[in-house]
Amino acid sequence: MIQTQLEFPTLLTDFDSKIESFKNREVKAKTIFKLMKIDKSVAYQFISQYHYLKDAKFFSKFSYGLFLDDVLVGCSTFSNPQGTVTLKGWFGLENDNQDVLELGRLCMLPKLNGTNATSYLLGNSLKLLKNEGVKAVITLADDSRHVGSIYQVCNFKYYGLTDKKSDFYTSDGKVNPRGTTKEKRGVWIPRTQKHRYCYILDETLVCLFQEQPKPTLGMINHYDCCNQTGKVFDNRFKEWYTCPKCTGTISPISLDEVY
């Protein structure tokens, strides 16, 4: 049965008491939480409220909700991997293969952050996916935000960082337009790298990347697109622009505004 009605706690006394008991290790996750498949719209409403990406759109083939007293307290979503060469690079599979999914969102009620409720949600979501015939789950962790500790806790294997890349922002607001950028006005901005993790559900599937030692806490990379000035410079045409990553838009800046 798919839960389609999102509920939030109103009378929090008993609800909070159970959470505190769980956080104090007086009760185990399996005794107070239940996990079930939910509709994407329910997951989206919850994620929009509690995930750092807010209401950013995402794909979802399977969505699972973690409930406490019929209140949704966490959810996970899984989709077909994005990118035209993703599956071929990871496993040598064709891009239309349905055996491998990507973790799209993993989100908890804030008062449960930092508890093993997150690993309980993810670990049991993986078990349900195996019952659906899924052979592996891949996920990427932005190296400017975290090292993927939750994936390490859930026994995902680590396959290093993605290649260093940059994105080209044109002066009219487009990102990575097709064709040569040689004569196009705009700026190149470094892209954050991603930590690659994978959980194999079918041991006959082999990852083509080489497994590597897992990164440790504190190994966060910092990217200075504009040194917090909000301004970036194009060396080709000697032009200044507002930083598209920091300001959310790109527009020309006159020399009077720069200095």
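Structure: above.
Residues numbered from 1 in each chain as written. Predicted model: local features only at pLDDT ≥ 70, side-chain atom pairs only at ≥ 80, totals over all residues. Heavy atoms only, no water.

Draft legend 1. Quick peek at the sheet that holds strand β3 (residues 71-79). With mixed pairing, seven strands are arranged side by side in an open sheet as β1-β2-β3-β4-β5-β9-β6. Single-partner strands in this sheet number two, and they are β1 (34-37) and β6 (157-161). If you compare each strand with its neighbour and ignore which way they point, the axes differ by 30° on average. Across seven bridges, the pairing between strand β5 (residues 136-142) and strand β9 (residues 194-200) is antiparallel. Considered in β9, the bridge of D142 is made with K194. Where helix α3 (residues 40-50) meets the sheet, its contacts fall on β2 (62-68), β3 and β4 (100-108), and the angle it forms with β3 comes to roughly 110°. Packing against the sheet, helix α5 (residues 117-131) makes contact with β1, β2, β3, β4, β5 and β9, and its axis sits at approximately 150° to β4. (Pairing = 2+ DSSP bridges. Helix = DSSP H or I, 4+ residues; strand = E, 2+ residues; numbered from the N terminus. Axes fitted to C-alpha atoms, helices over the stretch in contact; angles between N-to-C directions. Contact = heavy atoms within 4.5 Å.)

Draft legend 2. Seen up close, the sheet that holds strand β11 (residues 239-242). Read from one edge to the other, the open sheet built from three strands follows the order β10-β11-β12, with strand pairing classed as antiparallel. Where the open sheet ends on each side, the last strands, each with one partner, are β10 (231-234) and β12 (252-253). Sheet topology places β10 next to β11; four bridges connect them, and they run antiparallel. The residue of β11 that forms the bridge with K231 is T242.

Draft legend 3. Expanded view of the side chain of T86. Relative to the helices and strands, T86 resides in helix α4 (residues 86-91). In contact with T86, other than residues within four places in its own chain, are P81, N95 and I138.

Draft legend 4. How the structure looks around the pairing of β4. Along β4, eight of the nine residues are buried, which leaves the element largely enclosed by surrounding structure. Bridging between β3 and β4 involves six bridges; their strand directions are antiparallel. Across the sheet, the residue bridging to F78 is L103, located in β4. Two elements, β4 and β5, share three bridges in a ladder whose sense is parallel. Bridging from a neighbouring strand, V100 pairs with A136 of β5. (Buried < 20%, exposed > 50% of the residue type's maximum accessible area, 1.4 Å probe, protein only.)

Draft legend 5. Representation of α3 in the model. Residues V42, A43, F46 and I47 constitute the buried set of α3. With its buried residues spanning 125° around the axis, α3 presents them on a single face. Where α3 is buried, its residues contact β2, β3 and β4. (Arc of directions from axis to C-beta.)

Draft legend 6. Region of interest: α5. Between its first and last C-alpha atoms α5 spans 21 Å; for 15 residues at 1.5 Å apiece the expected length is 21 Å, and the two agree. Three or more residues of α5 are buried, namely A117, T118, S119, L121, L122, S125, L126 and L129. Looking at the residues trailing α5, positive phi occurs at G133, about 90°. (Expected span 1.5 Å × (residues − 1).)

Draft legend 7. Representation of the pattern of salt bridges within the structure. Tallied over the full model, the rule gives 11 salt bridges. Of the charged contacts, one joins R191 and D167 as a salt bridge, the two residues approaching to 2.5 Å between their closest N and O atoms. One end of the pair, R191, is in the loop between β8 (186-190) and β9; the other, D167, is in strand β7 (residues 166-170), with 24 residues separating them in the sequence. When its relative accessible area of 31% is taken as the criterion, R191 is described as partly exposed. We note a salt bridge from R185 to E239, for which the minimum N-O separation is 2.9 Å. Of this pair, R185 sits in the loop between β7 and β8 while E239 sits in strand β11, and the two are 54 residues apart along the sequence. Here R185 falls in the partly exposed class, since its relative accessible area comes to 39%. When its relative accessible area of 22% is taken as the criterion, E239 is described as partly exposed. Taken together, the shared-partner salt bridges in this structure form one network comprising D14, K18 and D69. (Salt bridge = Lys/Arg side-chain N within 4 Å of Asp/Glu carboxyl O.)

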